[in-house]
Amino acid sequence: MNPFILALQARNLTVEIHHHSAYQIVLSNDMPFNSTINGTLHERIHGFLIKPQVPHFCEAEKGTLNVLNIEPYSNIGLELADRFKADQEYIVFDSPSETSAFFQTTKASLAINHIVDALIAKLPAIHYDERVTKIVDYIKINYNEQSITPQTFADIVFLSPSRLAALFKQQTGSSLSKYLLWTRLRQAIYLTLSEKDRSLTEIAYDTGFYDLPQLNKYMYEMFGMPPKALKFNSELIAIY
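Here is what the cut-offs are and how they apply
Residues numbered from 1 in each chain as written. Predicted model: local features only at pLDDT ≥ 70, side-chain atom pairs only at ≥ 80, totals over all residues. Heavy atoms only, no water. Salt bridge = Lys/Arg side-chain N within 4 Å of Asp/Glu carboxyl O. Buried < 20%, exposed > 50% of the residue type's maximum accessible area, 1.4 Å probe, protein only. Helix = DSSP H or I, 4+ residues; strand = E, 2+ residues; numbered from the N terminus. Contact = heavy atoms within 4.5 Å. Pairing = 2+ DSSP bridges.

### Thoughts on the pattern of salt bridges
At step 1: The full count for this structure, using the stated rule, is six salt bridges.
At step 2: Arg83 is paired through a salt bridge with Glu79; the nearest N and O atoms lie 3.1 Å apart.
At step 3: Accessibility expressed as a relative area gives 17% for Arg83, which makes it buried.
At step 4: Ionic contacts of the salt-bridge type, sharing partners, join the residues Glu195, Arg198, Glu202 and Asp206 into one network.

### Quick notes on the side chain of Thr36
At step 1: Tracing the backbone shows Thr36 in strand 3 (residues 33-37).
At step 2: Owing to a relative accessible area of 15%, Thr36 belongs among the buried residues under this scheme.
At step 3: Those residues within four positions of Thr36 in sequence are excluded, and the remaining contacts are Leu41, Pro55, His56 and Phe57.

### Considering the side chain of Thr172
At step 1: Take Thr172: it is sitting in helix 6 (residues 161-172).
At step 2: Discounting chain neighbours no more than four positions away, the residues touching Thr172 are Phe4, Tyr73, Ser74, Asn75 and Tyr128.

### Quick notes on the pairing of strand 5 (residues 47-50)
At step 1: Covered by surrounding structure in strand 5 are Gly47 and Leu49 together with Phe48 and Ile50, the residues of both alternating faces.
At step 2: As paired strands, strand 2 (residues 23-28) and strand 5 are joined by four bridges and run antiparallel to one another. Along strand 5, the bridge assignment pairs Gln24 with Ile50.
At step 3: Pairing analysis gives four bridges linking strand 5 to strand 7 (residues 90-93), with the strands arranged antiparallel. Considered in strand 7, the bridge of Ile50 is made with Tyr90.

Here it is, written out as structure tokens:
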């Protein structure tokens, strides 16, 4: 899975009006749902793609939704930006066939892995520098360390922090700090939804955040809601 996509499948999902810094794709896995986007109600739709910072909310109390959040300055986020017409803030899909045609899925399915594969297929092939790969591997293992700094990464690959930052952005479209943040948020969301008996404070600490307020801040900034809202307003099926 692409590191700048955070995708989950949930049922009985109802969220209050919110906005966030990520591009978001919401697709019905079974039944149509209602969503109000930028003040306009759309009834019995099968999905939407929305730009960052556009207020919206969903009601899917009887169905299952696939929700994909994409870092806006990643290569995939930049490719999605090119799909919007001038002054267009969101795209609504009224049927599964519309969704499949838009994303050009290779199979007659709107499963998350097929959507992600279709998004990645739109990107030019990239041969990642071994130093970028080494940093990515390091983050996978050590994302929970609160002491990580730009110098930490620079020391691993023997580059200056500024040179490494430029290299990482050149290859991914986004920053190294955002990659680390998305890795931490991905794990925090997974633990929040899959281990509901654990305290959010403990989860914040175990995923590299200084405390729960810091986790709340970044969750709200990136996805429009604190972890508490996710914990009690949906039933997780899977996270990708």
